[in-house]
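The primary structure of each chain is shown beneath.
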Amino acid sequence: MNRSTPDNKNELPRRGFFQLTLGWLAGAFAVAASAAGAVRFLVPNVLFEPSLRFKAGKPDDYPDGSVTFMEDERIFLVRQGNTFRCLSAICTHLGCTVNRADHGYHCPCHGSVFDEQGSVKSGPAPRGLEWFQVTLSKDKRLLLDKNQRVAADKYLVL
Ligand code: FES
């Protein structure tokens, strides 16, 4: 039994063409979405951070007895005679940047006070400021490494 009439004789092939086209488009979209997902999978979710090891100036750039604040790195470079040390300026309470004060350091956020050695004189900071390793690079510049914590009495002697 044939239900076609002369008026809709070409309707079924046209409908078939649209369905076929729609199917191809859906398939192409699925392949493109899968390929995009695969490419995205190859790119890791990595957060690039600046290195914790960096060069400062040459030793002579820092006068004897100076305490130089390096804002970008949040550290103090301390020179006493021919010795160099690096002190963290990050408060051990909640991470504010401490300021230089008379005979030590002061945190403006909650009032912690640290002595010249970075030890806590008054809280709420739970422990003293961190000291970091200082070495000399091949080009005779100070090399500061915030990955390497050292004791307060360890310093570079030139
Ligand atoms: S962050 Fe320094 S005392 Fe709270």
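Everything quoted here is computed from the prediction, not taken from an experiment. (Residues numbered from 1 in each chain as written. Predicted model: local features only at pLDDT ≥ 70, side-chain atom pairs only at ≥ 80, totals over all residues.)

Caption draft 1: Local environment of the overall build of the protein chain. Of the regular secondary structure elements, the protein chain holds one helix and 11 strands. Helices and strands in the protein chain line up, N terminus first, as α-β-β-β-β-β-β-β-β-β-β-β. In summary, the protein chain has a C-alpha radius of gyration of 33 Å against a globular reference of 15 Å for 158 residues, an excess of more than 25%. The buried share of the protein chain, taken over its 158 residues, is 17%. A sequence separation of at least 24 residues applies to 36% of the contacts in the protein chain between residues at least 6 apart. (Helix = DSSP H or I, 4+ residues; strand = E, 2+ residues; numbered from the N terminus. Rg over C-alpha atoms; globule rule 2.2 N^0.38 Å. Buried ≥ 20, exposed ≤ 12 C-beta atoms within 10 Å, placed from the backbone. Contact = placed C-beta atoms within 7 Å.)

Caption draft 2: How the structure looks around unusual backbone geometry. Of note in this structure, Arg74 is not a glycine but carries a positive phi near 55 degrees. Position of Arg74 relative to the elements: it lies in the loop between strand 2 (67–70) and strand 3 (75–80). Positive phi is not limited to glycine here, since His103 has a value of about 60 degrees. Within the secondary structure layout, His103 lies in the loop between strand 5 (99–101) and strand 6 (104–106).

Caption draft 3: Representation of the domain arrangement of the protein chain in the model. Looking at the protein chain, the domain boundaries give domain 1 (9–48) and domain 2 (53–157). Distance between the C-alpha centres of domain 1 and domain 2: 58 Å. (Domains from an automatic or database assignment.)

Caption draft 4: Spotlight on the sheet that holds strand 6. Judged by pairing direction, the sheet is antiparallel, and its four strands sit side by side in the order 5-6-7-8 without closing on themselves. The open sheet has two free edges, formed respectively by strand 5 and strand 8 (120–122), since each of these has just one partner strand. With three bridges joining them, strand 5 and strand 6 adopt antiparallel strand pairing. Bridged to Ala101 within strand 6 is Gly104. (Pairing = 2+ DSSP bridges.)

Caption draft 5: Molecular detail of the nonpolar core. In this structure, Ile75, Phe76, Leu77, Cys86, Leu87, Val98 and Leu144 are the most contacted members of the largest nonpolar core, which totals 21 residues. Of all the secondary-structure elements, those providing two or more residues to this core are strand 3, strand 4 (83–88), strand 9 (131–136) and strand 10 (142–150). The leading source of residues in this core is strand 3, at four residues. Setting aside residues no more than four positions away along its own chain, Val98 makes contact with Ala89, Cys91, Tyr105, His106, Cys107, Phe114 and Leu129. (Core = buried A, V, L, I, M, F, W, Y, C linked by C-beta atoms within 7 Å.)

Caption draft 6: Local environment of the pairing of strand 2. As defined by bridge partners, strand 2 adjoins strand 3 across four bridges and the pair is classed as antiparallel. Bridging from a neighbouring strand, Met70 pairs with Ile75 of strand 3.

Caption draft 7: Summary view of the environment of Pro126. With respect to the helices and strands, Pro126 occurs in the loop between strand 8 and strand 9. Each C-alpha atom of the pair Pro126 and Ser112 lies 9.4 Å from the other, and the pair is 14 residues apart in sequence. The contacts of Pro126, once residues within four sequence positions are left out, are Thr92 and His93.

Caption draft 8: Structural context of the environment of Phe84. Mapped onto the secondary structure, Phe84 falls in strand 4. Considering only alpha carbons, one finds Phe84 and Leu129, 45 residues apart in sequence, at a separation of 16 Å. Excluding residues that lie within four positions of it along the chain, Phe84 makes contacts with Pro59, Leu77, Arg79, Val134, Leu142, Tyr155 and Leu156.

Caption draft 9: Expanded view of the environment of Pro59. By the element assignment, Pro59 lies in the loop between strand 1 (53–55) and strand 2. Sequence separation between Pro59 and Leu142 is 83 residues; the distance between their C-alpha atoms is 6.5 Å.

Caption draft 10: Expanded view of the pairing of strand 4. Judged by how many residues are buried, strand 4 sits mostly within the fold: five of six residues are covered. Of the strand pairs in this sheet, strand 3 and strand 4 are connected by six bridges, and their pairing is antiparallel. Looking across to strand 4, one finds that Arg79 is bridged to Phe84. As paired strands, strand 4 and strand 9 are joined by two bridges and run antiparallel to one another. Note that in strand 9 the partner of Cys86 across the bridge is Phe132.

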